[in-house]
Amino acid sequence: IAKWSEAAVLRPDSNVPWNNIANALMNLDRQDEALAAAQKAFDIRGDYMSSVTLSNMLKRAKEYGKAEQVLLKGIRDTLEKGHKFEHPFWSLASLYFDQGDIPLFVRYAELGFEMRSPSPCSPTDPTCEVPTFESDTALNLYNVSLQLGSHAAWHQYPSFALANFTRALQLAERYPRLLDPASPARHLACLRCVFPTETRAAPAKDGCERLQDCNAEWGDVDGRYLRMMSYR
């Protein structure tokens, strides 16, 4: 903390020293001081880094509305500067997920994957460990997409169902050690059987054969994420 405080004096225009001071203070459980330091970093520049740090502390203080606004500012800064940093998007997605705002969770989780920073480590490489925040976001988005797709298929919205099942399949192909591609592939096959025109695909034989199973899942209105949306 002392060294970063010296750096803050030398570079008063940089938010990095104050951001690191905030994280160090939080590790020492000096929460009020940490929040003040995080706010200082954010006031200097509300970017992908300081917005995530400050929002985490605001969420811990149950200031969810303030955390949302902080992250939205960090996201605007990230987009305006053309940077590739996923964390403010996924942090906001996580906030919406915890609040049961599933449509906004999907929106910002997807944006986070689009804005993912370059990494030499591929999720398909068995020697690479996927960060927990990334794997949690992928898993939640995968499960949400399957339930949204099922709900849309049951209520005969094939385009929306197609988009959600396709997203789930793409996630499973990207994270094969974490997610199962068989489930979204089966749902897509069933969807093509029921809606060949809307999906622009010939009916898949295996999809028509397994349609009864798909219908049972599509008609399940008690899914966790559907209940979250209804409550919200």
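Here goes a summary of the coordinates provided. (Residues numbered from 1 in each chain as written. Predicted model: local features only at pLDDT ≥ 70, side-chain atom pairs only at ≥ 80, totals over all residues. Heavy atoms only, no water.)

**Some remarks on the packing of helix α4 (residues 48-60) against helix α6 (residues 87-99)**
Phase 1 of the analysis: Put simply, α4 and α6 touch, their axes get as near as 9 Å, and they point 25° apart. In this view, α4 runs roughly parallel relative to α6, as classed from their interaxial angle. Our pair here, α4 against α6, has a crossing hand that is left-handed. Across from Y48, S51, V52 and K59 in α4, the residues of α6 making contact are H87, P88, S91 and L95.
Phase 2 of the analysis: The residue makeup of the contact of α4 with α6, split by class, is four nonpolar, three polar and one charged. (Axes fitted to C-alpha atoms, helices over the stretch in contact; angles between N-to-C directions. Helix = DSSP H or I, 4+ residues; strand = E, 2+ residues; numbered from the N terminus. Parallel < 35°, antiparallel > 145°, perpendicular 65-115°, else oblique. Left-handed = near helix turned anticlockwise from the far one by under 90°. Contact = heavy atoms within 4.5 Å. Nonpolar A, V, L, I, M, F, W, Y, C, P; charged D, E, K, R; others polar.)

**Quick notes on the environment of S119**
Phase 1 of the analysis: Within the secondary structure, S119 is located in the loop between α7 (102-114) and α8 (132-154).
Phase 2 of the analysis: Sequence separation of S119 and N20 is 99 residues, and the distance between their C-alpha atoms is 23 Å.

**Considerations on the state of the cysteines**
Phase 1 of the analysis: As enumerated under the stated definition, the model contains two disulfides in all.
Phase 2 of the analysis: Here C190 is linked by a disulfide to C214, with a sulfur-sulfur distance of 2.0 Å. Judged by the torsion about the S-S bond (70°), the C190/C214 disulfide is right-handed. Note that C190 is positioned in helix α10 (residues 182-194) and C214 in helix α13 (residues 211-218), a separation of 24 residues in sequence. C214 carries the same exposure label as C190, and that label is buried.
Phase 3 of the analysis: Put simply, C193 and C208 are joined by a disulfide, and their sulfur atoms are 2.2 Å apart. Handedness here is read from the sign of the S-S torsion; for C193 and C208, about 115°, the answer is right-handed. In this pair, C193 is assigned in helix α10 and C208 in helix α12 (residues 205-209), connecting sequence segments 15 residues apart.
Phase 4 of the analysis: Judged by its relative accessible area of 18%, C193 is buried. (Disulfide = S-S within 2.5 Å. Buried < 20%, exposed > 50% of the residue type's maximum accessible area, 1.4 Å probe, protein only.)

**Observations concerning the side chain of T53**
Phase 1 of the analysis: Here T53 shows up in helix α4.
Phase 2 of the analysis: Every residue in contact with T53, bar those within four places of it in the chain, is listed here: N19, A22, N23 and A38.

**Comments concerning the nonpolar core**
Phase 1 of the analysis: Core analysis: the largest hydrophobic core is formed by 53 residues, its most contacted members being L92, F105, Y108 and F165.
Phase 2 of the analysis: For this core, the leading source of residues is α8, giving eight residues.
Phase 3 of the analysis: Beyond its immediate sequence surroundings of up to four residues, Y108 is in contact with L72, I75, F89, W90, L92, A93 and Y96. (Core = buried A, V, L, I, M, F, W, Y, C linked by side-chain atoms within 4.5 Å.)

**Remarks on the pattern of salt bridges**
Phase 1 of the analysis: Inspection of every chain in the model, using the stated rule, returns eight salt bridges.
Phase 2 of the analysis: R45 is paired through a salt bridge with D47; the nearest N and O atoms lie 3.8 Å apart.
Phase 3 of the analysis: Taking the relative accessible area as the measure of exposure, D47 reaches 3% and is therefore buried.
Phase 4 of the analysis: Taking the shortest distance from any N to any O, the salt bridge between K81 and D77 comes out at 2.8 Å. (Salt bridge = Lys/Arg side-chain N within 4 Å of Asp/Glu carboxyl O.)

**Considering the packing of α8 against α13**
Phase 1 of the analysis: Two elements in contact, α8 and α13, have axes whose closest approach is 8 Å; the angle formed by their N-to-C orientations is 105°. By the angle between their axes, α8 is roughly perpendicular relative to α13. On the side of α8, the interface is formed by S150, H151, A153 and W154, while α13 contributes N215, E217 and W218.
Phase 2 of the analysis: Its residues assigned to classes, the contact of α8 with α13 shows three nonpolar, three polar and one charged.

**Some points on unusual backbone geometry**
Phase 1 of the analysis: Phi is positive for K62, which is not a glycine, with a value near 65°.
Phase 2 of the analysis: Looking at the secondary structure, you find K62 in the loop between α4 and α5 (64-81).
Phase 3 of the analysis: For Q156, which is not glycine, the phi dihedral falls at a positive 60°.
Phase 4 of the analysis: You can see Q156 is positioned in the loop between α8 and α9 (158-174).

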